[in-house]
Amino acid sequence: MNFDDTPQEAKFRAEVRSWISANAPKELEGDLAKSSARGRITITNTDLMSASKAWQKKKAQAGWACLSWPKEFGGRGASPIERVIWDQEEGVYGKLSALFIIGHGMCGPTVMTYAMDEVRSRYLPPLAAGEEIWCQLFSEPAAGSDVAGLRSKAEKDGEDWIVNGQKIWTSGAHHSDYGILIVRTDPNVPKHQGLTMFILDMKAPGVEVRPIKQVSGESNFNEVYFTNVRIPDSHRLGNVGDGWNVSLTTLMNERYSIGARAITGFPEMWDYCSSLMLDSGPAIEDRAVRSKLATWATRTNGLKYTTYRTISALSRGERPGPENSIGKLVAGSMLQDIAIFALDLQGAVGVLVEDDQAEAAGQFQKVALSSPAARIGGGTDEVMRNIIAERVLGLPGDIRVDKNVPFNKIPTKGRA
Ligand SMILES: Cc1cc2nc3c(=O)[nH]c(=O)nc-3n(C[C@H](O)[C@H](O)[C@H](O)COP(=O)(O)OP(=O)(O)OC[C@H]3O[C@@H](n4cnc5c(N)ncnc54)[C@H](O)[C@@H]3O)c2cc1C
């Protein structure tokens, strides 16, 4: 492992730093820095969507959007390590990219790999420039971890496909223009073989988006219903029946982008404990607090060096593998433990959630409410453990009794 930039990387970093310093929306820096690492981003004097789109557009015009994408699709053709350097230098302004994570990190690479040329030219540049927002329509009420068990279906009708069914937990569907959609096109073959992926116009007739209210009071994800929605065959991604393989491209990119930005909450907890007074004296001198902080410091450093290992691999031109799942698994549960311990330290006051009433501007309350999602979205803890067990440690695979059974022969309650 070598933590230093090569001369070429140092030159690139200097160029990035100088462009960001001259062009970033400095008036938002304070608000962005204060927004909790995981939870609501609050900025004053402008709305988050306009600010996010404006920053993305500015980056695109100067050739700094979607760095690793080819130039013809609105990117820069940069190497993976240059992308890491950009992320490090973009700092708090990177929080403005949250709106585009699914589009840039998952939908774009899938469209780039599997769509026809004219479809790629139509959709990728506006996606890179933040002009159009995308979502990912995979999970269904009975198909989350086991997404291949999905039931939404598409039937061929001339040059179109007719889609009926329902998705759930679709992040950002309420403000999305397009989405990538996986549906069943053949129920007569085993579940992984009868799926096909499409680009869906979220404004098409028959698409109904219903926001889901979360415990935090926000509505970031949705149910999406399809009633006789028409999709032209030109908007198919990959071959008919090959949707499972296409979805693996999306999921690999999803886990890579989630694992690569593992957020632990430790720096915020360290700062909080450093100034907190308990009845017994400064929190930082309390043995129970010190013991917890020591454990989290050790894990945070473990994650930091695991990330450095990934960065070193990228620097050598290698692609990170399934070991990247470790970041999401460890950071997700640590984030939740830290938030809950912070609320314990606050005592009765910990039940207050409003920014102006709660301790530490309510940041730990927000994380406590949102952190369970971090352990579910993009693959649950158990699914991550299965990946690490099977693909990193080489242990025997999970038992999959329905793998080779035609989908319509799998026994199930309430099958139509
Ligand atoms: C914040 C957030 C955003 C999301 N955004 C999107 C999105 O944009 N698009 C989208 O399509 N989906 C999205 N999802 C859905 C997400 O992908 C699913 O919630 C996730 O895959 C788990 O599926 P499930 O909720 O159906 O739970 P289930 O799969 O029903 O799991 C229930 C429990 O069983 C366990 N389990 C399941 N299978 C196994 C196994 N083989 N071995 C051991 N344990 C197992 C799970 O770990 C879990 O504890 C999002 C979810 C969250 C929380």
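Above this text sits the structure in question.
So, here's what we can say about the structure. (Residues numbered from 1 in each chain as written. Predicted model: local features only at pLDDT ≥ 70, side-chain atom pairs only at ≥ 80, totals over all residues. Heavy atoms only, no water.)

**With respect to the overall build of the protein**
Now for step 1: When you go through the protein residue by residue, the secondary structure sums to twelve helices and ten strands.
Now for step 2: What you see for the protein is a C-alpha radius of gyration of 23 Å, in line with the 22 Å of a compact globule of 416 residues.
Now for step 3: Expressed as a percentage of the 416 residues in the protein, the buried residues total 46%.
Now for step 4: For the protein, restricting intrachain contacts to residue pairs at least 6 apart in sequence, the fraction spanning at least 24 positions comes to 72%.
Now for step 5: Split by element, the accessible area of the protein, about 20700 Å² in all, is 53% carbon and sulfur.
Now for step 6: Here the protein contributes 48 positively and 50 negatively charged side chains, and the mean placements of these two sets differ by 3 Å. (Helix = DSSP H or I, 4+ residues; strand = E, 2+ residues; numbered from the N terminus. Rg over C-alpha atoms; globule rule 2.2 N^0.38 Å. Buried < 20%, exposed > 50% of the residue type's maximum accessible area, 1.4 Å probe, protein only. Contact = heavy atoms within 4.5 Å. Areas by Shrake-Rupley, 256 points an atom, 1.4 Å probe, with all protein chains shown as cover. Lys, Arg positive; Asp, Glu negative; His and termini not counted. Charge placed at Lys NZ, Arg CZ, Asp CG, Glu CD.)

**Side note on the pattern of salt bridges**
Now for step 1: The final tally for this structure, using the stated rule, is 18 salt bridges.
Now for step 2: Across the pair Glu89 and Arg13 runs a salt bridge whose closest N-O atoms are separated by 2.9 Å. Here Glu89, found in helix H4 (residues 80-90), pairs with Arg13, found in helix H1 (residues 7-23); they are 76 residues apart in sequence, far enough to count as distant. Of the two residues examined, Glu89 and Arg13, each falls in the buried class.
Now for step 3: A cluster of three or more residues bridged by salt bridges with shared partners is formed by Asp5, Arg13, Arg17 and Glu89. (Salt bridge = Lys/Arg side-chain N within 4 Å of Asp/Glu carboxyl O.)

**Regarding the site of the ligand**
Now for step 1: In the vicinity of the ligand, 17 residues are found, and the nearest of them are Gln136, Ser139, Ser145, Thr380 and Glu382.
Now for step 2: One of the side-chain N or O atoms of Asn386 is found 3.3 Å from a nitrogen atom in the ligand.
Now for step 3: Starting from 980 Å² of accessible surface for the ligand in isolation, the protein chains cover 65%.
Now for step 4: Mapped onto the shell around the ligand, the elements with two or more residues apiece are strand S3 (160-171) and helix H12 (381-392).
Now for step 5: Here the element with the most residues in the shell around the ligand is S3; it accounts for three residues.
Now for step 6: Class assignment of the residues belonging to the shell around the ligand gives a composition of six nonpolar, nine polar and two charged. (Near = heavy atom within 4 Å. Polar contact = N/O pair within 3.5 Å; in protein donor to acceptor, adjacent residues only side chain to side chain. Nonpolar A, V, L, I, M, F, W, Y, C, P; charged D, E, K, R; others polar.)

**Digging into a nonpolar patch on the surface**
Now for step 1: A grouping of Val215, Val353 and Leu369 is seen on the molecular surface, where their side chains present a nonpolar patch of about 250 Å² in accessible area.
Now for step 2: By the secondary structure assignment, Leu369 is in helix H11 (residues 363-374). (Patch = residues over 30% accessible without salt bridge, like charges linked within 9 Å, V, L, I, M, F, W, Y side chains within 5 Å.)

**Some remarks on unusual backbone geometry**
Now for step 1: Here Cys66, not a glycine, exhibits a phi torsion of approximately 40°, which is positive.
Now for step 2: Mapped onto the fold, Cys66 is located in the loop between helix H3 (48-61) and H4.
Now for step 3: The exposure class assigned to Cys66 is buried, which follows from its relative accessible area of 12%.
Now for step 4: Not every positive phi belongs to a glycine, and Asn228 is a case in point at roughly 50°.
Now for step 5: Of note, Asn228 is situated in strand S7 (residues 221-232).

**Comments concerning the packing of helix H8 (residues 266-275) against helix H9 (residues 287-315)**
Now for step 1: Contact pair H8 / H9: the axes reach a minimum separation of 10 Å and the direction vectors enclose 155°. Comparing their axes, H9 and H8 come out roughly antiparallel. In terms of crossing hand, the pair formed by H8 and H9 is left-handed. Mapping the contact onto sequence places Phe266, Met269, Trp270 and Cys273 in H8 and Val289, Leu293, Trp296, Ala297 and Thr300 in H9. (Axes fitted to C-alpha atoms, helices over the stretch in contact; angles between N-to-C directions. Parallel < 35°, antiparallel > 145°, perpendicular 65-115°, else oblique. Left-handed = near helix turned anticlockwise from the far one by under 90°.)

**Re the packing of aromatic side chains**
Now for step 1: Following the criterion strictly, the structure yields 14 aromatic pairs and no others.
Now for step 2: Measuring from ring centre to ring centre gives 5.6 Å for Trp134 and Tyr178, while their planes differ by 40°; the resulting arrangement is tilted. Taken together, the residues Trp134 in strand S1 (residues 134-137) and Tyr178 in strand S4 (residues 178-184) connect sequence positions 44 residues apart. Each member of the pair, Trp134 as well as Tyr178, carries the same accessibility label: buried.
Now for step 3: Joined through ring pairs, the aromatic side chains of Phe12, Trp19, Trp55, Trp64, Trp86 and Tyr93 make up one cluster.
Now for step 4: The lysine or arginine in question, Arg76, covers the ring of Trp64, its NZ or CZ lying 3.7 Å from the ring centre.
Now for step 5: In this structure, Lys292 is placed above the aromatic ring of Phe341, and the distance from its NZ or CZ to the ring centre is 5.3 Å. (Phe/Tyr/Trp six-rings, centres within 6.5 Å; stacked < 30°, edge-to-face > 60°. Lys NZ or Arg CZ within 6 Å of the ring centre and 35° of its normal.)

**Side note on the packing of H1 against H4**
Now for step 1: Here H1 crosses H4 at 40°, and the two axes come no closer than 10 Å. Judged on the interaxial angle alone, H4 and H1 are oblique. Crossing hand, H1 versus H4: right-handed. Taken together, the residues of H4 that come into contact with H1 (itself represented by Glu9, Phe12, Arg13, Val16, Arg17, Trp19 and Ile20) are Ile81, Glu82, Ile85, Trp86, Gln88, Glu89 and Glu90.
Now for step 2: Broken down by class, the residue content of the contact of H1 with H4 amounts to seven nonpolar, one polar and six charged.

**Some points on the environment of Ala358**
Now for step 1: Within the element layout of this structure, Ala358 appears in the loop between helix H10 (325-346) and H11.
Now for step 2: Spatially, the C-alpha atom of Ala358 lies 9.4 Å from that of Gln346, the residues being twelve residues apart in sequence.
Now for step 3: Once residues within four sequence positions are removed from consideration, Ala358 is found in contact with Leu352, Val353 and Gln365.

**Considering the state of the cysteines**
Now for step 1: Scanning the entire structure with this criterion turns up zero disulfides.
Now for step 2: Not part of a disulfide, Cys66 finds its nearest cysteine sulfur in Cys107, a span of 11 Å.
Now for step 3: Cys135 provides the cysteine sulfur closest to Cys107, a residue in no disulfide bond, and the two sulfurs are 6.8 Å apart. (Disulfide = S-S within 2.5 Å.)

**Notes on the pairing of strand S2 (residues 153-157)**
Side-chain direction in a regular strand flips from residue to residue, so the side chains alternate between the two faces of the sheet.
Now for step 1: Judged from the five bridges that link them, S2 and S3 form a sheet pairing that is antiparallel. If you follow Ala154 over to S3, its bridge partner there is Val163.
Now for step 2: In textbook terms, the turn of a hairpin is the stretch between consecutive antiparallel strands, and for S2 and S3 this stretch comprises two residues, one of which, Gly158, has a positive phi near 65°. (Pairing = 2+ DSSP bridges.)

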